[in-house]
Amino acid sequence: MPLGKRIAAPAEKPPGPHAGNPSPQAEGFTLFQAEEPGYTFDDIILNHDTYDAIQDVLALYGKRELLFDQWGLGATHKKQNRAGINLYGHPGTGKSMAAHAIAHQLGKKLLIVDYSQIESKYVGETAKNLVAMFQYAKDSQSIIFFDEADALLSRRVTNMSNSTDVSVNQTRSVLLVLINDYDDLILFATNFITNYDPAFIRRIPAHIKFELPDEENRRRLWRMYIPRKMPTDADIQKLAADYSGVSGADISNAVLNASLRAARREEKLVCHACFAEAIERIISSKADNSGLGEQASRRTVSEDYVKEQFGGVLPK
């Protein structure tokens, strides 16, 4: 789903007389910019288990004295007085929106980061940018949010063959140390948790899965995205019941696409069939993207069957 502005990476300048490993900070660039959260939990429809799991982790901030002083966790969990939350699951299920809502609930700004914003073509410079980013977040008391986090938290290279491999591993190692030592909240979001290096999995205390919405939540999503003032005969109950396996983003896009078609045809209302056709096209495109439409079945056959097909002689 569309979100607010992303952190703008600085445009690269031509190399000067001291070019080699130019630091964006040294050259006066503003590489990082925290922003106000763009969503609250009132804007998101989540499964109850997902919402409860998020609130369980956030209890760390409201119940710190109870947990670490009165209940004694300060003695047994010395490194757990700060939180890290990995939001993972299907695309379009509200992970990025939830990161904004978490920041809003805690009354903090959000520092949104992805790999393209800190990556540098200079060996070692990406790691320096990471250090600077964590320092900026600490100074501004912002929540760090690694969107599409698998780009940075992916598995380290085991058979290094060039300087790029060395740089990748150096970046991962630096990030591991920074995450381990950071004393405030870090958020991560990914569609591909299987790409994470196991060392990152161990260092992130909470992993919360975002499932596709069930029928009840699909009904709530259809109702939320179809504006009340829109003229329509849509049967929301039927749309929610008939089309499973879709995300909130899918439903949002279906409403928009159905509206565009009705407007182009100068229809007096956005009919139920328009919404049904729109969501069916989205489901079909997702199937094609995952190769479901081209999967071949495989079965084991006997040697006698093969001989029969080739006139009694096995092919060589």
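To be clear, the structure that these remarks concern was listed above.
Note that this is a predicted model, so its numbers are computed, not measured. (Residues numbered from 1 in each chain as written. Predicted model: local features only at pLDDT ≥ 70, side-chain atom pairs only at ≥ 80, totals over all residues. Heavy atoms only, no water.)

**Q** Which parts of the structure should I look at to understand helix α1 (residues 48-62)?
**A** In an α-helix there are 3.6 residues to a turn, and that puts residues three or four apart on one side. The end-to-end C-alpha distance of α1 is 20 Å, a good match for the 21 Å that 15 residues give at a rise of 1.5 Å each. Within the sequence span of α1, burial applies to T50, I54, Q55, V57, L58 and L60. The inward-facing, buried residues of α1 contact α2 (64-70), β1 (84-89), α4 (95-106) and β5 (206-210). (Helix = DSSP H or I, 4+ residues; strand = E, 2+ residues; numbered from the N terminus. Expected span 1.5 Å × (residues − 1). Buried < 20%, exposed > 50% of the residue type's maximum accessible area, 1.4 Å probe, protein only. Contact = heavy atoms within 4.5 Å.)

**Q** Any chance you could explain the packing of helix α12 (residues 248-264) against helix α13 (residues 272-289) here in plain terms?
**A** Working note: a packed helix pair is described by the angle between its axes plus the distance between those axes. Axis separation between α12 and α13 bottoms out at 8 Å; the angle between their running directions is 130°. Considering the angle they form, α12 stands oblique to α13. The handedness of the crossing between α12 and α13 comes out as right-handed. Across from D250, I251, N253, A254, V255, N257, A258 and R261 in α12, the residues of α13 making contact are C274, F275, E277, A278, I279, R281, I282 and K286. Class assignment for the residues of the contact of α12 with α13 results in 9 nonpolar, 2 polar and 5 charged. (Axes fitted to C-alpha atoms, helices over the stretch in contact; angles between N-to-C directions. Parallel < 35°, antiparallel > 145°, perpendicular 65-115°, else oblique. Left-handed = near helix turned anticlockwise from the far one by under 90°. Nonpolar A, V, L, I, M, F, W, Y, C, P; charged D, E, K, R; others polar.)

**Q** Looking at this structure, how should I read the packing of aromatic side chains?
**A** We describe a pair of aromatic rings using the distance from one ring centre to the other and the angle between the two ring planes. Here the structure, examined in full by the defined rule, presents 6 aromatic pairs. A centroid spacing of 5.3 Å and a plane angle of 85° characterise the contact between F134 and Y182, whose relative ring orientation is edge-to-face. Taken as a pair, F134 in helix α6 (residues 125-140) and Y182 in the loop between α8 (163-181) and β4 (186-190) lie far apart in primary sequence, 48 residues in all. These aromatic residues form a ring-pair network of at least three members: F134, F146, Y182 and F188. (Phe/Tyr/Trp six-rings, centres within 6.5 Å; stacked < 30°, edge-to-face > 60°.)

**Q** Would you take a moment to explain the packing of α1 against α4 for this structure?
**A** Viewed as axis vectors pointing N to C, α1 and α4 meet at an angle of 30°, and their least axial separation amounts to 12 Å. Relative to α4, α1 is oriented roughly parallel. Along this stretch, α1 crosses α4, giving a crossing that reads as right-handed. Here I54, Q55, L58 and Y61 of α1 come into contact with α4, specifically with A98, I102, Q105 and L106. A breakdown of the residues in the contact of α1 with α4 according to their chemical character gives 6 nonpolar, 2 polar and no charged.

**Q** Looking at this structure, I do not really get the pattern of salt bridges. What am I missing?
**A** Close approach of charged atoms allows side chains with opposite charge to pair. Here the structure, examined in full by the defined rule, presents 5 salt bridges. Two residues, D184 and K108, come together in a salt bridge whose shortest N-O distance is 2.7 Å. One end of the pair, D184, is in the loop between α8 and β4; the other, K108, is in the loop between α4 and β2 (110-113), with 76 residues separating them in the sequence. Residue classification places K108 among the partly exposed residues on the basis of a relative accessible area of 22%. (Salt bridge = Lys/Arg side-chain N within 4 Å of Asp/Glu carboxyl O.)

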